[in-house]
Structures are given as C-alpha cells and as structure tokens.
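Summary of structural features
Residues per chain, in single letters:
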Amino acid sequence: MDSHTVYKYICQFCLSMQIVRGLDEVTLLNPPEEAVPDHLLEVFYSCDEPATVQLDFVVSFETGTISTLLLTRWRCDPGDPEIKTVELNLPDWLVYQADGIVPDSLWVLSCILRVSVGNGGSDDTERSVTAQDVATLQPKPFFSRPAKQHQLCIAWSSQMLQLTQQFLKKQCPLEQETVHLLSSIYASTGESFGITKTLEPYRSEALEYLRVKASSFAWCTVSIWIFVTSHCQETSCGVFHHIDSHDNYVTPTLFLTDSGQLHVQMTGESEESSAFLSSFKVPLRQWCQLSVMLHGTTVTVSMVCMEEEQRIVKVMEKTLRHTVVLDDTEGYFVIGGGQYIRGVEGYFGPVVYYRDRISPYTTSEIVLPEVIRNVNLTGWLHTCQEFRLDMNVKISGYSLKAKLENPESGTCLDAFHEWTVKKRPPSFAQSELWEAADPHRRHAAKLAKLLAFKHGGRAVSLPAVGRALYSLSLNKLGRASSTGVVSRILPLLLQAGCLTDNQALHMSSVLYSAGLGVQKQPYKAWLLALLAAQKDDRLALLQLGHLHHQGLHGLPTDADLAYAYYANIAKQTTVDRHNLTPQQTFVEDVYLNNEETVNLQTNKDHYIFQWLKLQARSGAAEAEQAIARMLFWGQQGVASNIQEAVRHYKRGAVREDSVSMYDYGIVLLQGHVVEKDVTKAVMFLRRAMNQGYVPAINALAWYYEQYEQDYEEAVQLWEQADLLESPDAAFNLGVMYSQGLYPGKAANQRKAYKYYLKSAERGHIKGAIHLADIWTTGIPGLVNRRPSEAVLWVKWAAEHNGYLGSILRKALDSYLRNDLFTSLLYYVMAAESGYEAAQFNVAYLCEQNTGDFLDPAYASHCMWRYYNLTIQSQNPDTYAFIRMGDLLYEGHGGRQKDLFSAAQMYTQAALRNNPQGWYNLGLLAEEGYRLPLSTLIELGLSELYLADNTFFLSALYKRCRDSEDADSYLPCSFALFNVYLQSFQKDYSVAIKFYTAVAVVAAPTTFLILGALRMRVLSLN
C-alpha cells in the first residue's frame, strides 16, 4: 500500500469521526505540479447540507489581467465524506503548442487550481462559499508543451493555414542569454579601433519581459580576457565600453589608466553616474580575466591572472549610491578603442556577456580558454625573450671586441679593460664562451658581429639585427628556384620576427598559412599574424581581416572583428596616399592570364615608355598625362618619381591641357615637392574648370572652404560638381552636412549619410570609410546597422593601400623576369590577405607550374584552394569559374565527379559574358546531363526545360557565338554547325539510307551506259 492510499484512508477516518456537525470541507488530493493535459484529479469533499462542489482555474497574464475558467461542478449531498476523480480538462492554449488549430496565448504568469463547496448560484458574487482549497500550477514553457494529436479531420482552411510561415511548426529559438561578444583573439594596436557589437531583444516574450523588467536593476556579468603589452600612453584607454543613442558612456564602461588601474563607470536613473578605480593593477604581459558583476547597487570587479603555474586573484566590491541601470539593446558595445578613446595596447581574448544572470564560474574554477592555449602567445614571448637575451650578450661582447681592436674609434676604455688586454695569455685568442652559438642562431650571431665591427663598437640595436636577418632571408629566397629551401630559411625569418621585424613575422605567417615549403600550421600562422598586426603591420592587418571575414582555418566568421582590422588599414590608406614613400606602389589588378595587360607593363628603359616620352615631346596631351601618372603613382612597372612627374604636369599645364592643369594646380596648392603657390594653383584650376574638367570644380570649392572660408561659394561649386557625378564633391557635401557647416542649414546626419553613400558608390575611398563607420554603429532612428556590408566597404578601401601595391609589383616584376618562385611567394603574401587578383594569380602559377618548380601534389592543392578562394570574392575573374568547373567535372584530387557543381560554375561564367561558360554547358548537355530548372531560369532559358536537346544545344551555342569575344566565334560556330549536322543526320537518316542503296544498285548500269556513250563518241571521231 503506497503513501498516497494511506493518506486517503486517514482523511476518511478523521472525517467519519467528526463530532461537531455543520463543518464543510474540500481538499485537492493530487494536484499536478505543472499545467498538463488529461490529469486525473482526486477531490476529497463533504458537506452537512445540500451544496455544490465547483472546480475553477484562475490564470493571470503578463498584461495584468486575470481570468477565471469554470472546469466542472457536481452536487454534494450530506453524509460521509467522498472522493471524486475528475479529468482535469485545462484549456488547449495552456497545455499544448499552438499549431493553427490550438491558438496562441498571451504569456501566462501563474495558474491556480481552486475547488470550493458552496450554496447559491454559479457566479462567485451570488454563491456562498463554505470551504475551499487551492493549488498552484507551474505554467509549462511553450516549447516544452506537447503537440496535440487531433482526433477529428482538420478542415481544409486550417490545413492551408498550417502551411503558412506563421503557423509552421515552431522551433525553440536560439536566444543570446550568454553572449560571446568575442570568441577568438583580437590584436589591439592602441589606436582608435575596436570591435563594435550590438544586442537584439529576446525573441521569447518571456525572456524579453524579464529583461525589460530588470533593466532598472542591472543583474549581469561581463568577462574579458586581456593581455596588456604596455600601459596607456594617455590618461586612459578603452577596454570595454557601452555607448548609448546620445553618444554617452553608459553601463558598463571599463577603462585602463596609465597607472595600470581599472576605471569602472556605471550609470543610474536620471542620468546619474558613478565611477571608481580598482584597488589593484593589471600586470603586463600576462593573460588576465577581468570580470565586472552588477547586482543592483553593488558592483564586483575581479581579476584572475595566469602565469605558468601561478594564479593571481584580486577581488573588490563597491556599493554605489544609486541602482545601476542597463538597457543592453540600446546603442552599442565596444571592445578596445573606439570613436572617442584609444584602445589598450595588447591582445583581447574571449569576451563573454552573461545577460540577466551572474557568471556560473567562481575565481577558483577559471582556466585559460582553449583558443588562448592553442595560440600560445606566452610560449612564443618566453622563447623570444631567451633569444633576445642571448643576442644582447653577443652584441655587447662583439661591441667590446670592436672597441679593443679599433682604439682609434674614439671610445674611452677603463684601466681594467686595458690591463686585461695586456695580461691576456696567447691562448685567449680562441673564441670566448659567449661567442658559442647554437647552430640555428649562427647567422644571427654573424650579423651581430658584422654590425658591431661595422659601427666601430658603437651600440647595435636588436631591431637592426632583425632587419639584417630579414634582408638575408629575402636574399636567400630570391636565389631559390623551388620550395625546398623554405624550411631552411624559415628559422631566420622567425628569429628576425623575434627581434621585432614585423615584415618577417608576416612572411612567416604566410608560409605557415599557405603551407608553402613547410607543413601547414594554422595556429602558428595566426599567432605570427597577431604579433605583426599588434605592431600595426598593414599586410598583417589585411590578413587577419580576411581570416575572420571568411572564417578560415576553423575560426568563426566574425564581421565585426574583421571590420576592426580592415578599418585600421583603410584609414591608414587615406594617410598613406598623401604621404607617398618608396615602399608604396599604386595597386593595380594584373591577371597573369591576360597577355595584353601583362605586355603593357613597362619601365623607364622600355620601348613603350620611350615612345610615350616621344609623343609627349611632340605635344600629345594623353601621352603627357600617362607618363606623369606612371611616375607619380608608380604605375605599370615604372618606379615612382614625384619630382619628374611634377615636371610633366607643368609641361602639360603650360600647353593648356585640362588634366595636367588640374594635377599641377593640386601640386602647387598643397606644396607637394614644389614650392607652395596658391595664386598660381587657383589660376590653373580655374582654367581647367573653364574647360569643363569636373575634378577642378571640386578643387576650387575646396580652396574656397579651406583658404577663404567662403562656405556659400564652396557648396555652390560642390553642388555643381555633384550633378556631374563627382565623388569628391559628394563626399565634401556629406562632411558639410555632418558638421553643420552647410550655410543656412543645421547639421543633418541623414543627408550626410546619403552623400557618403553616393561618394562611396562613385569610388571615393574616404566616402567608403565614412559610410562603413555609419553602418557599423547605425544612426538611431535614421540608419540601421549593417555590419556585413560595412566590412565590404572598408575591405575595398583597405585594398588600395600602397604597401599592398608594392608586394603586387614585386610579384609581377619577378614573373616578368621568369623568376616564378619569387613571384609565387609575393603573390601568396597578397593572396593570404584576401586580395582577389593575387589569389587568382597564385592559382594560375600553380596550374601552369612551368618547369615543375612546385611539387605536383602541392601545385594541385594550391590550384584548387586559390581558385576556390577567388570565386568567393565580390568580382572574381570568370576564368576562375571555368577552371573550378573543370576541376569539379574531372573529380580533381581524388574527389568525386560533381556535374551539378561544375554546371553551377559554368553558369556563373556564362552570366558574366564568358563564352567558354556557354560552350562548356553545351558540352555537358551533349554528354546527356540535364540542367536543372533553377539553372535554366538563372540563364533566362526556362522555356527550354522540356525542349528537344537539339533546340537546347542550339540556344547555348548561339549565346556562345554571339558574345562580344571575337575569339569565340569560330569554335562556337563549329559547335553549332555540328548540332545542325547531327540533327539533319537524325531526321533524314532513312532517306539517306534509301538513296544510298539505290545509288549502289544503279552504279553498274550507269557505268555501262556511260561506257557505251564514250565508245560511241570515240567511234564517231
């Protein structure tokens, strides 16, 4: 006998022994804990007069309304107590999932089951209750409820409703309750760049209700892993901050001060703010987890630092005067630096925001995240530190030796050193102990010695040795003809990187990432790129931006993190283009399969350049412009020479050429290379404007704004140039509206945004950067946040950087010299940065593999990988689609033959007007492959889905023949003719066979007749 049965008997016994009559009683014996369907409820009741037992269900909703539902009632007669079993029929909308028949309901806060004994009417106001019992039921979450199995046939209208999106079977949405704002590692340069993140409201009504309710009493935790390399150069720098829609710092805001303390700032109601400093300091060169926990008026700040086996724990608690307020869906969060503050110098690890909850981990349970352990930044730094100490000893020793062997160097030596030299026995001529070098470090030791003696014992810096090691590595790689030497040279590059040479770090990262001559090691490649990017190396920033934009090497795709890297180099690009150096070259897209473009590459001694000079001397304006452009920007293989370019600008300007007058006017206006002459500059710009040259209109407007402060004249000229599609004019008008400088008009951010968008679409780099800045944060109420599109604009701007152009130029020059390995090396450096033309050229070089300079297996893998990367870019070369289609068709690299994917590749090529795409689709169709309807719709040939194969092939080959490519006319025409020929042979095969048979039978008779006629003719003669 179970306890429940015993309980029932005890109740019956007690009630049967009642001495005092007139007592009504009712009890719910087994109420359910949750609102579930079809529960068998047992009710124990008794009454001394005829009465009614009523079972009600009381529900309260989030809106504040309360509803009472009558479930059942029955008669109670005086006598012994009874137990009645009733089936608990709760409303379907409470116990089942909504499915189109079962309706949706408001969010239920609470449920109460109530049973009562009473007399009178059914209405509570008329009924006298003598006894009652209640039980609280927990409402079941929507996604935990069962789906109702309907017994009756569903009406056709309901079935149709179930097919709509609104009534499709719901799935539990993934809610951001524990938000991973950063899942990898971010290299922070200490500049005004960081990772911007925003949060959306919960989709679940229940969670969103709780979040809104808790916003006035913040209850959450932010956990940040950080590795600080140096303290702030300014008073404070950004770690993590929250900006609201009014551009104010709000809860939570965390800065690092120049003393190493944390500045913590919170906001309360009525814009009340509080701030305090941590009682501890953040150590340098250690991974530390910073945690800020909010609970009403209490803020707890903790720090857990990991150093090998040691663990440093610091905790402080602060009670504020006001309750902390936090609405995490307003504004945006920033990790690192932002628009208003520079970031920390160092690295950020995973950042987690526990939304409306406290972190489940105590300080004793915290361990280094896996991603930090895999990258092993501290391991690299410890190894480098040991190497740097060794090199410092050698540099000091060789410097001293150089001083001793060169007393005329003018360096004073103390008496002890002089005595040591005099008293040293002959055996001391051998190497000192400190001179002994590890075999892998002998090149570094030799270079240290060479530099020490070269400078006569004067101090030699470690970076100088690093630069020498990098130069030595490049020299050795330049003499290589295959990838076999890479593994021997890579240690030199790593040592140079240890000695703070960022170019060596980046090249090493590229080699590990591409697996060029060494085993592919994605984490090692990532570490080296992080080290270089943290020191602001432009190509490493590009590489990391590409890595996180595409989600390569198993890393998560993160548009916001990619944006942080791309925005850095994009803004540097705008500065670099105004401060040209010999290390920069204009970025040009040169595809190695385009012989015409390759053959246009020249230099000062090349016949093309000499011919242009001859034409320029003869007064040809276009030749003068071309030479000046090549020399100024370093285009088409010509080395940059700004002074000579300016001479050509001047010569063209004197000849009244509008382009040259504009270029020369800009040079004079800015005082670039030549002496600044504003008056003469304005004169040339006016002449160019009078000839209708649009950029000159924009330049004159800029003059009026900068020199005359005549905004009315400036905007009038900019409006005129904007109507003529000037990108500069649109950008400048955007600035005027943004800063409230447009005469007679207040600042208007929406209009500024529209002008920035217009200038970006016209190809203006600064316009693209401003547009991306707006899209990464949004403008509340005006412009929505669009991070995935923002990253594309800053990527485009970043890829105009002159340092990338220099790498591309080195790659192309090496190719023209037939130095294929060096060309491949430089193209791989640009390709790993995500530059599409370089990715294509790497794949093309691997495909050609001229002279077998690459291992066949690597060449095959390289071709597949980089053609695949090429087609994922925004504007890929169509040849890449053709080659990927061929590789898929062939089942390249042991893969299974994939005709569907091959057809997709050929389709993309065809849609981009490549006749080879149409031709290859025709070949697939001839082999019996039927293109799916979706592909035909894309091609605009849906009407041929059920057509005869002949008509289909004819349509494909006609498109191929009628393309703009003249070289495709003959092969496509022959293919079309072959289709017609096969069709003719198929349609008239019976007639052809009949006439062939007749010809065979009639041939002997014909020959006899012709013979007789011939004999007759001969006899007559």
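For every chain, the first residue of the written sequence is number 1, and numbering continues from 1 onward in sequence order. Given that the model is predicted, a residue must reach a pLDDT of at least 70 before its local features are reported, and side-chain atom pairs must reach 80 or more before they are shown or counted; all residues, however, enter totals for whole chains, interfaces and linings. The side-chain numbers reported here are obtained from all heavy atoms of the structure, hydrogens and water having been left aside.

**Details of a nonpolar patch on the surface**
The patches described consist of residues with a relative accessible area above 30% and no salt bridge, like charges being joined within 9 Å and nonpolar side chains (Val, Leu, Ile, Met, Phe, Trp, Tyr) within 5 Å. Residue exposure ignores everything except the shown protein chains as possible cover, and the areas themselves are Shrake-Rupley values with a 1.4 Å probe. Salt bridge, as applied in this entry: a Lys or Arg side-chain nitrogen positioned within 4 Å of an Asp or Glu carboxyl oxygen. There is a patch of nonpolar side chains on the surface, built from L933, I937, Y945 and L946 and spanning about 420 Å² of accessible area. Note on exposure labels: buried denotes an accessible area under 20% of the residue type's maximum, exposed denotes more than 50%, and partly exposed covers the range between, all computed with a 1.4 Å probe on protein chains only. A relative accessible area of 78% means that L946 is categorised as exposed.

**Description of the packing of helix 9 (residues 462–478) against helix 11 (residues 502–514)**
In this description, a line fitted to the C-alpha atoms serves as the axis of each element, helices being fitted only across the stretch in contact, and the angle between N-to-C directions of two axes falls anywhere from 0 to 180 degrees. Helix and strand definitions here come from DSSP, where helices need a minimum of 4 consecutive H or I residues and strands a minimum of 2 consecutive E residues; each element is numbered from the N-terminal end. In contact at an axis separation of 9 Å, helix 9 and helix 11 are set at 40° when each is read in the N-to-C sense. Viewed along their axes, helix 9 and helix 11 adopt a mutual orientation that is oblique. Residues Y470, L474 and L477 of helix 9 form the contact with helix 11, whose own contacting residues are Q503, A504 and M507. Lys, Arg, Asp and Glu make up the charged group, whereas Ala, Val, Leu, Ile, Met, Phe, Trp, Tyr, Cys and Pro make up the nonpolar group; the residues left over, Gly among them, are polar. Per-class residue counts for the contact of helix 9 with helix 11 are five nonpolar, one polar and no charged. Under this scheme an angle from 65 to 115 degrees is roughly perpendicular, one under 35 degrees roughly parallel, and one over 145 degrees roughly antiparallel; angles in between are oblique. Throughout, a residue-residue contact means that at least one pair of heavy atoms, one from each residue, lies within 4.5 Å.

**A look at the side chain of T189**
Along the chain, T189 turns up in strand 9 (residues 186–189). T189 gets classed as buried once you look at its relative accessible area, which sits at 13%. Two N or O atoms count as a polar contact when they lie within 3.5 Å, although within protein this holds only if one can serve as hydrogen donor and the other as acceptor, and sequence-adjacent residues are included solely when both atoms are side-chain atoms. Engagement of the side chain of T189 in a polar contact is seen with the side chain of E191, the distance being 2.7 Å. Beyond its immediate chain neighbours, meaning those up to four positions away, T189 contacts E345, A533, Q534, D536 and N568.

**Digging into empty space enclosed by the protein**
Points on a 1 Å grid over protein atoms alone make up a cavity when a 1.4 Å probe fits among them but cannot get out, and a pocket when they form an open set with protein on both sides within 12 Å along at least five of seven lines; lining residues each have an atom within 4 Å of a point. Grid points are joined across faces, edges and corners, and a volume is the space filled by probe spheres set on the points. Scanning all chains against the criterion turns up seven cavities of 30 Å³ or more. Computed from the structure, the largest cavity encloses a volume of approximately 100 Å³. In terms of lining, the largest cavity is formed by 13 residues, of which the most central are E588, V590, L808, R809 and L812. Going through the elements one at a time, helix 27 (802–816) and helix 29 (836–848) are the ones with two or more residues in the lining of the largest cavity. Looking at the lining of the largest cavity, the element that brings in the most residues is helix 27, giving four residues. Taken together, the residues of the lining of the largest cavity break down into seven nonpolar, three polar and three charged. Computed from the structure, the second largest cavity encloses a volume of approximately 70 Å³. Contributing to the lining of the second largest cavity are R211, A214, S215, F217, A218, W219, C220, L326, D328, Y353 and D356. Contributing elements (two or more residues each) for the lining of the second largest cavity: helix 4 (205–214) and strand 11 (219–230).

**Quick word on the pairing of strand 3 (residues 51–61)**
Judged by how many residues are buried, strand 3 sits mostly within the fold: 10 of 11 residues are covered. Any two strands are treated as partners once DSSP identifies two or more bridges connecting them. By the bridge criterion, 10 bridges tie strand 3 to strand 4 (residues 66–76) in an arrangement that is antiparallel. Considered in strand 4, the bridge of Q54 is made with R73. Where strand 3 hands over to strand 4, the hairpin turn is made up of four residues, of which G64 adopts a positive phi near 100°. Where strand 3 lies against strand 6 (residues 108–119), 10 bridges are found, and the strand directions are antiparallel. The partner of D56 across the bridge, within strand 6, is R114.

**Topic: the sheet that holds strand 2 (residues 39–46)**
Spatial ordering of the open sheet is given by 1-2-5, a layout of three strands whose pairing is antiparallel. The sheet terminates laterally at strand 1 (25–28) and strand 5 (82–88), the two strands that pair on one side only. If you compare each strand with its neighbour and ignore which way they point, the axes differ by 25° on average. Both strand 1 and strand 2 contribute to a ladder of four bridges, which runs antiparallel. Its bridge partner lying in strand 2, V26 is registered against Y45.

**A word on the pattern of salt bridges**
Opposite charge on two side chains allows them to pair when their charged atoms are near. Evaluation of the coordinates by the stated rule reveals 27 salt bridges. Between D328 and R355 there is a salt bridge; the shortest N-O distance is 2.9 Å. Of this pair, D328 sits in the loop between strand 18 (310–319) and strand 19 (332–336) while R355 sits in the loop between strand 20 (345–354) and helix 5 (370–375); the two residues are 27 residues apart in sequence, bridging distant segments of the chain. No difference in accessibility class separates D328 from R355, as the two residues are buried. Across the salt bridge formed by E799 and K795, the nearest N and O atoms sit 2.6 Å from each other. For E799, a relative accessible area of 12% puts it in the buried group.

**Digging into the sheet that holds strand 4**
Sheet architecture is open: four strands sit in the order 4-3-6-7, paired in antiparallel fashion. Strand pairing shows two members of the sheet lacking a second neighbour, strand 4 and strand 7 (128–137), which therefore form its edges. Between one strand and the next, the sheet's axes are offset by a mean angle of 20°, whatever the strand orientation. Relative to strand 7, strand 6 is paired through nine bridges, and the arrangement is antiparallel.

**Some thoughts on the layout of surface pockets**
For the second largest pocket, the calculated volume is near 1,200 Å³. For the second largest pocket, the lining is made up of 50 residues, of which Y332, D773, T776, T777 and G778 are closest to its centre. Broken down by secondary-structure element, the contributors of at least two residues to the lining of the second largest pocket are strand 8 (178–182), strand 10 (194–197), strand 12 (236–243), strand 19, helix 14 (559–576), helix 24 (749–761) and helix 25 (765–777). Class assignment of the residues belonging to the lining of the second largest pocket gives a composition of 20 nonpolar, 21 polar and nine charged.

**Things to note about the nonpolar core**
V239, F240 and V299 are the most contacted members of the largest nonpolar core, which has 248 residues in total. Looking at this core element by element, the count peaks at 10 residues for helix 28 (residues 820–831). Once residues lying within four places of it in the same chain are set aside, the contact partners of F240 are L181, V222, I224, P252, T253, L254, F333, V334, I335 and V351. Counting residues in hydrophobic clusters, the runner-up holds 30 residues, among them V43, V86, L94 and A131. For the purposes of this section, nonpolar cores are sets of buried Ala, Val, Leu, Ile, Met, Phe, Trp, Tyr and Cys residues that join through side-chain atoms within 4.5 Å.

**Quick look at the packing of helix 8 (residues 442–454) against helix 9**
Relative orientation of the contacting elements helix 8 and helix 9 amounts to 120°, with a least axis distance of 10 Å. What the angle tells us is that helix 8 and helix 9 run oblique. Crossing handedness for the pair helix 8 and helix 9: right-handed. Across from H443, A444, L447, A448 and L451 in helix 8, the residues of helix 9 making contact are A464, V465, A468, L469, L472 and K476. Classifying every residue of the contact of helix 8 with helix 9 gives nine nonpolar, one polar and one charged. Crossings are assigned a handedness: left-handed for a near helix turned anticlockwise from the far helix by less than a right angle, right-handed for a clockwise turn.

**Overview of unusual backbone geometry**
With an omega of -15°, the peptide bond running from T251 to P252 counts as cis. The residue P252 is located in strand 13 (residues 249–257) in this model. Positive phi outside glycine occurs at D247, with the angle close to 60°. Along the chain, the position of D247 falls in the loop between strand 12 and strand 13. One non-glycine residue, N913, lies in the positive phi region at around 65°. By the element assignment, N913 lies in the loop between helix 32 (899–911) and helix 33 (915–926).

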